Amino acid sequence: MSTDRRPIAVLVSSTFAFTICFAIWMMFAVLGIPIKAKLGLNETEFGLLVATPVLSGALVRVPLGIWTDRFGGRIVFFTLMMACALPIWLISYASAYWHFLVLGLFVGLAGGSFSVGTPYVARWFGKERRGFAMGVFGAGNSGSALTKFAAPAIIVAAGWQGLPRVYAVVMVVTALLFWFGSYSDPAHKAPSGESFAQQMRVLKDPRVWRYCQYYSVVFGGYVALALWMTKYYVGEYGFDLKLAALLAACFSLPGGVLRALGGWISDKYGAHKVTWAVMWVCWVCFFILSYPQTTMSVKTVTGAMDLHLGLGPVAFTAILFVVGVAMAIGKASVFRFIADDFSDNIGAVSGVVGLAGGLGGFILPILFGAIVDLTGIRSSSFMLLYGTVCVSLVWMHFSFKPGHAQPAVAPAAPKNANKSLRKAA
């Protein structure tokens, strides 16, 4: 009896394609630093530069999710990657600030690939393996770390103009590899008679808005920090570009790769417990990271005693690594909620939730820059994140009804137990 290998082929090819798309989506995290120096940008302008691709990547997620339900993930994914190649190449010819902003909007379309790949992959797997499969696909977030490893070396070797040219070629090659390594199944398409308005009826469900809020923290915060940390290391600790990008990858890499672990944990313990734990871990870590470098003089019985409080680069990186792990698990657990509650409309719902997460990733870097320009305190970015997690914990506590919790994978019940199960529910 032959085994259907198509689900694994789809998972592998989709994860590889998403990794490359995410690496390109995050390219301004490194590319933006020489551009900032070239154009003399302030912190707010730099924040807008790195966040612009995130905006278009977020806005396009809803239509891409719907088109995936309607036309199938394979053709939508391939077309999206090919459409991004030319704008990526044109960045090498940009010379003015607005050139980078406009082209960044087109490059940002690559970030919408998540809303294509999520429903495309999910429908190839049964419910008992769906969380893990979606976690493996979501591990493509590690493309952010890939950019931090590769981009500085390319810039040193070929100048900043060489990076978009290399990435454009890589995008085309990836699109072709994906096309020849993936499959289509007509049964996975949603009924073609559903209009956009009909698919958007899910917005009336309050669960969608809760998942949007959770994801804006775990994914939006991840994207914002992935874009911001290379520059943070350069400014806070005086590191060069290569070392700063390498240390920033200590956050980006686990934040992407361990998403598969988050899928497995969510399958085992349930989405709510995992998401709740993730929020608490982030809350504690952001509290510690928020404390700025501080020097004070304390009067003692023997005279003045000077104290310095602040995180060194080793402690800072270690705590940031913990945040990356927590966010990786949280990203998977939120989408486990979606796979459980909206299995017939994953594309539309994942598009809406992905939009919320992407908007968080767009707004936060701009706010990071504005707050630093206003206060002069670099750790103020973590103060802002600490506040958002506080809001999330309060909302999650009051919005979740324990009686409505669903097990990650419910065992098949005997027929004669159906009545008792319905009463217990």
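The structure contained in this document is the topic of the report that follows. Note that the structure is predicted; figures quoted are calculated from it, not measured.

**Side note on the pairing of strand β2 (residues 303–309)**
The sheet contact formed by strand β1 (residues 294–300) and β2 spans 7 bridges and is antiparallel. In the strand pairing of β2, valine 298 is matched with methionine 305. Here β1 hands over to β2 after 2 residues, the two strands then running antiparallel side by side.

**Comments concerning the nonpolar core**
Core analysis: the largest hydrophobic core is formed by 121 residues, its most contacted members being Phe286, Phe316 and Phe382. Discounting chain neighbours no more than four positions away, the residues touching phenylalanine 286 are Leu225, Val323, Met327, Phe382, Leu385, Tyr386 and Val389.

**What to know about the side chain of serine 290**
One can find serine 290 in the loop between α16 (271–289) and β1. Within the structure, serine 290 has its side chain in polar contact with the backbone oxygen of phenylalanine 382 (distance 3.1 Å). Setting aside residues up to four positions removed in sequence, serine 290 forms contacts with Ser379, Phe382, Met383 and Tyr386.

**A closer look at the packing of aromatic side chains**
Between two aromatic rings, the relevant description is the distance of the centres plus the angle of the planes. One pass over the structure, following the stated rule, counts 32 aromatic pairs. With a centroid separation of 4.8 Å and an interplanar angle of 45 degrees, the aromatic rings of phenylalanine 77 and phenylalanine 178 are classed as tilted. Placement of the pair is phenylalanine 77 in helix α5 (residues 73–90) and phenylalanine 178 in helix α10 (residues 162–181), with a sequence separation of 101 residues. With a centroid separation of 6.0 Å and an interplanar angle of 40 degrees, the aromatic rings of tyrosine 233 and tyrosine 237 are classed as tilted. Note that tyrosine 233 and tyrosine 237 are positioned in helix α13 (residues 220–237) at a spacing of 4 residues, about one turn of the helix. Three or more aromatic residues link up through ring pairs in this structure, and these residues are Phe18, Phe22, Trp25, Phe114, Phe137, Tyr215, Phe219, Tyr222 and Phe251. The residue whose ring lies beneath lysine 231 is tryptophan 228, and the NZ or CZ to ring-centre distance is 5.3 Å.

**Points about the pattern of salt bridges**
Taken as a whole, this structure holds 2 salt bridges when the rule is applied. A salt bridge links lysine 231 to glutamate 43; its shortest N-O distance comes to 2.4 Å. Note that lysine 231 is positioned in helix α13 and glutamate 43 in helix α3 (residues 43–59), a separation of 188 residues in sequence. The same class applies to lysine 231 and to glutamate 43, which are both buried. With its nearest N and O atoms 3.6 Å apart, the salt bridge here joins arginine 378 to glutamate 236. Taken together, the residues arginine 378 in the loop between α18 (346–375) and α19 (380–399) and glutamate 236 in helix α13 connect sequence positions 142 residues apart. Taking the relative accessible area as the measure of exposure, arginine 378 reaches 36% and is therefore partly exposed. According to the relative accessible area criterion, glutamate 236 is partly exposed, its value standing at 22%.

**Things to note about the packing of α5 against helix α7 (residues 113–122)**
Two elements in contact, α5 and α7, have axes whose closest approach is 9 Å; the angle formed by their N-to-C orientations is 160 degrees. As the angle between them shows, α5 and α7 are arranged roughly antiparallel. When you trace α5 past α7, the crossing you get is left-handed. Counting all contacts with α5, which are made through Gly73, Arg74, Val76, Phe77 and Leu80, the residues of α7 involved are Ser113, Val116, Gly117 and Tyr120. For the contact of α5 with α7, the per-class residue count stands at 5 nonpolar, 3 polar and 1 charged.

**Regarding the side chain of lysine 331**
Looking at where lysine 331 falls in the secondary structure, it is placed in helix α17 (residues 313–341). Not counting residues within four places of it along the chain, the set of residues in contact with lysine 331 comprises Asn141, Tyr215, Val218, Phe219, Tyr222, Gly255 and Arg259.

**A short note on the state of the cysteines**
A complete count under the given rule lists 0 disulfides for this structure. Left without a disulfide partner, cysteine 285 is nearest to the cysteine sulfur of cysteine 282, which lies 6.8 Å away. The exposure class assigned to cysteine 285 is buried, which follows from its relative accessible area of 8%.

**A word on helix α1 (residues 6–25)**
Between its terminal C-alpha atoms α1 stretches 28 Å, which fits the 28 Å expected from 20 residues at 1.5 Å a residue. Of all the 20 residues making up α1, 15 are buried; the element is thus mostly covered by neighbouring parts of the structure.

**Some words on empty space enclosed by the protein**
The full count for this structure, using the stated rule, is 1 cavity of 30 Å³ or more. Its boundaries defined by the atoms lining it, the largest cavity holds a volume of some 60 Å³. Taken together, 12 residues make up the lining of the largest cavity; nearest its centre are Met134, Gly135, Arg259, Ala332 and Phe335. Contributions of two or more residues to the lining of the largest cavity are made by α7, α8 (127–138), α15 (259–269) and α17.

Analysis parameters
Every residue gets a number counted from 1 within its own chain, in the order that chain's sequence is written. Residues qualify for local features only when their pLDDT is at least 70, as the model is predicted, and side-chain atom pairs are given and counted only at 80 or more; totals for whole chains, interfaces and linings, by contrast, use all residues. Here the side-chain values reflect all heavy atoms present in the structure, with hydrogen atoms and water set aside. A strand pair is defined by DSSP finding two or more bridges across the two strands. Secondary structure is summarised from DSSP: a helix means a run of H or I of at least four residues, a strand means a run of E of at least two, and numbering begins at the N terminus for each. Here, the term nonpolar core denotes a set of buried Ala, Val, Leu, Ile, Met, Phe, Trp, Tyr and Cys residues that are joined through side-chain atoms within 4.5 Å. Exposure is judged per residue with a 1.4 Å probe applied to protein chains only, and the accessible area is read against the type maximum: over 50% gives exposed, under 20% gives buried, and values in between give partly exposed. Two residues form a contact once any of their heavy atoms are found within 4.5 Å. A 3.5 Å cut-off defines polar contacts: any pair of N or O atoms within that distance qualifies, except that in protein one atom must be a possible hydrogen donor and the other a possible acceptor, and neighbouring residues in sequence count only when both atoms are side-chain atoms. Centres within 6.5 Å make a pair out of two Phe, Tyr or Trp rings, where for Trp the six-membered ring is used; the pair is then stacked when the planes are under 30 degrees apart, edge-to-face when over 60, and tilted otherwise. Should the NZ of a Lys or the CZ of an Arg lie within 6 Å of a ring centre and within 35 degrees of the ring normal, that charge is described as sitting over the ring. Throughout this description, the term salt bridge denotes a Lys or Arg side-chain nitrogen within 4 Å of a carboxyl oxygen of Asp or Glu. Axis lines are fitted to C-alpha atoms, over the contacting stretch for helices. Their N-to-C directions set the angle, which ranges from 0 to 180 degrees. In these notes the angle categories are as follows: under 35 degrees is roughly parallel, over 145 is roughly antiparallel, 65 to 115 is roughly perpendicular, and the rest is oblique. Should the near helix be turned anticlockwise from the far one by less than a right angle, the crossing is termed left-handed; should it be turned clockwise, right-handed. The residue classification treats Ala, Val, Leu, Ile, Met, Phe, Trp, Tyr, Cys and Pro as nonpolar and Asp, Glu, Lys and Arg as charged. All others, Gly included, are polar. Cysteine sulfur atoms that pair up within 2.5 Å are treated as a disulfide. How far a helix is expected to stretch is found by multiplying one less than its residue total by 1.5 Å. Cavity means a closed set of points on a 1 Å grid over the protein atoms alone, one where a 1.4 Å probe fits but cannot get out, pocket means an open set with protein on both sides within 12 Å along at least 5 of 7 lines, and lining means a residue has an atom within 4 Å of a point. Grid points are joined across faces, edges and corners, and a volume is the space filled by probe spheres set on the points.

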